[in-house]
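Inside the fold
So you can see what is in the structure, the chains are spelled out below.
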Amino acid sequence: HMNSLTISHKIKFLPSISNSLQNTGFTYYLMHDSADKALKYVRQAMKINRDISNYTKMADNYLLSGKIHLVKNDPLTAINHLELSLQLAQQYDNPQVIMDASGMLSDLYARRKDFKKAYVNKLINNEINDSLISGENLKRITQLEMQRNFDKEQNETQLRHLQESLAFETRLKKNRLFRNY
């Protein structure tokens, strides 16, 4: 990620710089013992995304920041960032972030005994999850239909070739019989 970040800085392409910073922050987040480093990179990415008005990516930034704050055992800041992430994701139609943020918020609110907010977020999570699953199922059904149509055409083509070959061989045999007599 650091090579990508260096190259992005050289060409001064802000969306790429932001993406590299986010990826670096995510890598540090995965290491669990580098939460402060992770936050440093995510904050830089967030600033760039704010400056270039890339609110879809800001939803990703806030989501990761919320996760990092959970690792740092700071649930109030985590909730705040996850709420911001959810709002941006809903406003700018980012279903994966909606699903992740609402699922995490539902769990966090349930742990804090705020069952109304936990329930609301669970409903949001279930709705988007069902929507994503329906979309994946529709995509799979479409792929299967296309494969079936392709296989059917292939089989019909092979059948025509076999019929033509059989007809040719039959004519050939008839011609040989006539020649031999």
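Everything discussed here concerns the structure shown above.
Before going into details, it helps to say that this report is about the structure given with it. (Residues numbered from 1 in each chain as written. Predicted model: local features only at pLDDT ≥ 70, side-chain atom pairs only at ≥ 80, totals over all residues. Heavy atoms only, no water.)

**Section: the overall build of the chain**
In plain terms, the rule: Where helices and strands are cited, they refer to DSSP runs of H or I of at least four residues and of E of at least two residues respectively, numbered from the N terminus. For a compact globule the rule gives 2.2 Å times the number of residues to the power 0.38, and the radius of gyration it is set against comes from C-alpha atoms. Using a 1.4 Å probe on the protein chains alone, a residue whose accessible area is under 20% of its type maximum counts as buried, one over 50% counts as exposed, and one in between counts as partly exposed. Contact criterion: two residues are considered in contact whenever any of their non-hydrogen atoms come within 4.5 Å of each other. Only the protein chains shown count as cover for residues, and all accessible areas are computed by the Shrake-Rupley method using a 1.4 Å probe.
Within the chain, the secondary structure is distributed over seven helices and zero strands. In sequence order, the secondary structure elements of the chain are arranged as α-α-α-α-α-α-α. Compactness check: the chain gives a C-alpha radius of gyration of 29 Å against a globular reference of 16 Å for 181 residues, more than 25% above the reference. A total of 181 residues make up the chain; the buried ones form 31% of that total. Once local pairs closer than 6 in sequence are excluded, the contacts in the chain between residues at least 24 apart make up 49%. Taken as a whole, the chain presents about 12400 Å² of accessible surface, with 54% of it coming from carbon and sulfur.

**Regarding helix H4 (residues 55-71)**
Defined as follows: By definition here, a helix of n residues has an expected span of 1.5 Å times n minus one.
When the terminal C-alpha atoms of H4 are compared, their 24 Å separation across 17 residues agrees well with the 24 Å that a helix rising 1.5 Å per residue should span. All buried positions along H4 are accounted for by Met58, Ala59, Asn61, Tyr62, Leu63, Leu64, Ser65, Gly66, Lys67, Ile68 and His69. Buried residues belonging to H4 abut helix H2 (14-30), helix H3 (35-51), helix H5 (75-91) and helix H6 (95-111). At the exit of H4 stands Asn73, carrying a positive phi of roughly 60°.

**Remarks on H2**
Counted at 1.5 Å a residue, the expected span for H2 with its 17 residues is 24 Å, and the 24 Å between its end C-alpha atoms agrees. Every buried residue belonging to H2 is among Ile17, Ser18, Ser20, Leu21, Gln22, Thr24, Gly25, Tyr28 and Tyr29, and all of these are buried. One or two residues past the end of H2 sits His32, with phi positive at roughly 60°.

**Quick notes on the nonpolar core**
Where we set the bar: Grouping buried Ala, Val, Leu, Ile, Met, Phe, Trp, Tyr and Cys residues that are joined through side-chain atoms within 4.5 Å yields what is termed a nonpolar core.
Formed by 33 residues in total, the largest nonpolar core has its most connected members in Leu21, Leu63, Ile68, Leu82 and Leu105. Of all the secondary-structure elements, those providing two or more residues to this core are H2, H3, H4, H5, H6 and helix H7 (115-180).

**Thoughts on the side chain of Asn61**
Relative to the elements of secondary structure, Asn61 occurs in helix H4. Aside from chain neighbours lying at most four places away, what touches Asn61 is Gln22, Val42, Ala45, Met46 and Asn49.

**Re the pattern of salt bridges**
In plain terms, the rule: A side-chain nitrogen of Lys or Arg and a carboxyl oxygen of Asp or Glu constitute a salt bridge if their distance falls within 4 Å.
A full pass over the atoms with the stated rule returns two salt bridges. With a closest N to O distance of 2.4 Å, Asp36 and Lys72 form a salt bridge. With Asp36 in helix H3 and Lys72 in the loop between H4 and H5, the pair connects residues that are 36 residues apart, well separated along the chain. By relative accessible area, which is 36% here, Lys72 ends up partly exposed. Of the charged contacts in the structure, one is a salt bridge between Asp51 and Lys47, with a shortest N-O distance of 2.9 Å. Note that Asp51 and Lys47 are positioned in helix H3 at a spacing of four residues, about one turn of the helix. Since its relative accessible area comes to 53%, Asp51 is described here as exposed.

**Re the packing of H4 against H5**
Inclusion rule: To get an axis, fit a line to the C-alpha atoms, keeping to the stretch in contact for a helix; angles then go from 0 to 180 degrees between the N-to-C directions. Each angle receives one of four descriptions, namely roughly parallel if under 35 degrees, roughly antiparallel if over 145, roughly perpendicular if within 65 to 115, and oblique otherwise. A crossing counts as left-handed when the near helix is turned anticlockwise from the far one by less than a right angle, and as right-handed when that turn is clockwise.
Between H4 and H5, the shortest axis-to-axis distance is 8 Å and the interhelical angle comes to 160°. Viewed along their axes, H4 and H5 adopt a mutual orientation that is roughly antiparallel. As H4 runs across H5, the sense of the crossing is left-handed. Here Tyr55, Met58, Ala59, Tyr62, Leu63, Ser65, Gly66, His69 and Leu70 of H4 come into contact with H5, specifically with Pro75, Thr77, Ala78, His81, Leu82, Leu84, Ser85, Leu88 and Ala89.

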